[in-house]
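Secondary and tertiary structure notes
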Amino acid sequence: MDSQELQRIRSVPLDAVLEGFGAQRDPKDPKRNWRVGASRITVTGDKFFDHNEEKGGGGALDLTLHLMGRDPRRPSGKDLQEAAQWLGATDRAVQVAAQRIAERPVAEVATAKPQEPPVPDESRLARVRWYLTDRRGLPETLVDRAIEKGLVFADSKANAVFRLRDETGREVGYEKRGTYDKPFHSVYGEKGLFYLGKGDAKVAAFVESGIEALSYKALRPEALVISTTGNAIDMPQRVGERLLAKGVRVVAAFNADRDGDRFAERFAERLGGEIQRHRPEGQKDWNLVLREQRGILVAEARIAEGTLTR
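Let me begin by describing the structure that accompanies this report. (Residues numbered from 1 in each chain as written. Predicted model: local features only at pLDDT ≥ 70, side-chain atom pairs only at ≥ 80, totals over all residues. Heavy atoms only, no water.)

**Topic: the overall build of the protein chain**
Helix and strand counts for the protein chain come out as twelve helices and 14 strands. Counting only contacts in the protein chain whose residues sit at least 6 apart along the sequence, the fraction spanning at least 24 positions is 56%. Surface exposure of the protein chain reaches about 16200 Å², of which carbon and sulfur atoms provide 49%. (Helix = DSSP H or I, 4+ residues; strand = E, 2+ residues; numbered from the N terminus. Contact = heavy atoms within 4.5 Å. Areas by Shrake-Rupley, 256 points an atom, 1.4 Å probe, with all protein chains shown as cover.)

So this is what it looks like as structure tokens:
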């Protein structure tokens, strides 16, 4: 019975696990690729590979642990229990799975080669600044201030790079956004948070990316804006709890789509319902709202129609 139960939870379709975590099929390859946060995950049979994290595994249990932000190679007992219970496992099946993971050979759990962190390249800064102000419609003063403070910089490939920090303020990773025609978005290092604004703000808004943080800040200058950057809910929850304890009004300003609504609902549950939902009106995200207000979307539509030139 134990082995049957273990086999059952391992055989849960990976697509079902991904849907359960709010992932969406990648329009470019909907049969095999999924998007969740900043990650692109490829599924091949019972195997998966996260291109952003450069990590993979096999089976529903490994995938669940990975999507929870835990290490499927050597999970703690608590991690394994939470993942297995999410899949509907019994306690005995959890014990069997833990034993099998503990017995995996070392070669199976080799880690990927560490990536070098992006380095600021001043010669590429003009391209990044142009992308943020012209293509994304962000105010020049806001962009310049973020660059001067070192919150945003250009790397050697002219990507816009946002510095990510954990709840203690320690720099842990980088969100990269391509500035050329081919879309590019990824996270290097750990999935930290991107902070924008003053610590003494009375309102703190949580959004989904660095671009969204800059856009929301342009629309609500008085707010402290925090991008979750594809994080699991635990770190945003800890930061939100600290802000509430200081009397700060916390706002869930995630995108106006299923994933944004779902994350906002979970966020509110974790924080005891003491937060406000601020949903983009008329558009999916805050950058589209900003560009619409500044007339940029209308101009781009006219350019596409051939009735206006840049």
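**Observations regarding helix α3 (residues 60-67)**
In terms of burial, α3 is a largely internal element, eight of the eight residues being buried. Along α3, the residues classified as buried are A60, L61, D62, L63, T64, L65, H66 and L67. Two residues or fewer past α3, G69 is found with a positive phi of approximately 80°. (Buried < 20%, exposed > 50% of the residue type's maximum accessible area, 1.4 Å probe, protein only.)

**Remarks on helix α7 (residues 140-148)**
Every buried residue of α7 is accounted for by L142, V143, A146 and I147. For α7, the arc enclosing every buried residue in end-on projection is 130°, short of the 170-degree limit, so these residues lie on one face. Along α7, exposed side chains directed more than 90 degrees from the buried face belong to T141 and E148. Buried residues in α7 make contact with α6 (125-135), β6 (152-154) and α8 (210-219). Count one or two residues on from α7 and you reach G150, which has phi positive near 80°. (Arc of directions from axis to C-beta.)

**Looking at the environment of D50**
Looking at the element boundaries, D50 is found in strand β4 (residues 47-50). For D50, a relative accessible area of 2% gives the class buried. Linking D50 and R40, residues ten residues apart in sequence, is a C-alpha distance of 5.9 Å. Those residues in contact with D50 that sit more than four places away from it in its chain are S39, R40, I41, K55 and H66.

**Considerations on the side chain of D285**
Among the secondary structure elements, D285 is positioned in the loop between β14 (276-277) and α11 (286-293). This buried residue, D285, is left without a salt bridge; R136 holds the nearest opposite charge, at 5.8 Å. A polar side-chain atom of D285 sits 2.8 Å from the main-chain amide nitrogen of L288. When residues no more than four places from it in sequence are discounted, the contact partners of D285 are E212, N255 and P280. (Lys, Arg positive; Asp, Glu negative; His and termini not counted. Salt bridge = Lys/Arg side-chain N within 4 Å of Asp/Glu carboxyl O. Polar contact = N/O pair within 3.5 Å; in protein donor to acceptor, adjacent residues only side chain to side chain.)

**Brief notes about the packing of α8 against α11**
In contact at an axis separation of 8 Å, α8 and α11 are set at 45° when each is read in the N-to-C sense. In terms of orientation, α8 lies oblique with respect to α11. Helix-helix and strand crossings are classified by hand; for α8 and α11 the assignment is left-handed. Each of I211, E212, S215, Y216, A218 and L219 in α8 lies in contact with α11, whose residues at this interface are W286, N287, V289, L290 and Q293. Residues of the contact of α8 with α11, tallied by class, amount to seven nonpolar, three polar and one charged. (Axes fitted to C-alpha atoms, helices over the stretch in contact; angles between N-to-C directions. Parallel < 35°, antiparallel > 145°, perpendicular 65-115°, else oblique. Left-handed = near helix turned anticlockwise from the far one by under 90°. Nonpolar A, V, L, I, M, F, W, Y, C, P; charged D, E, K, R; others polar.)

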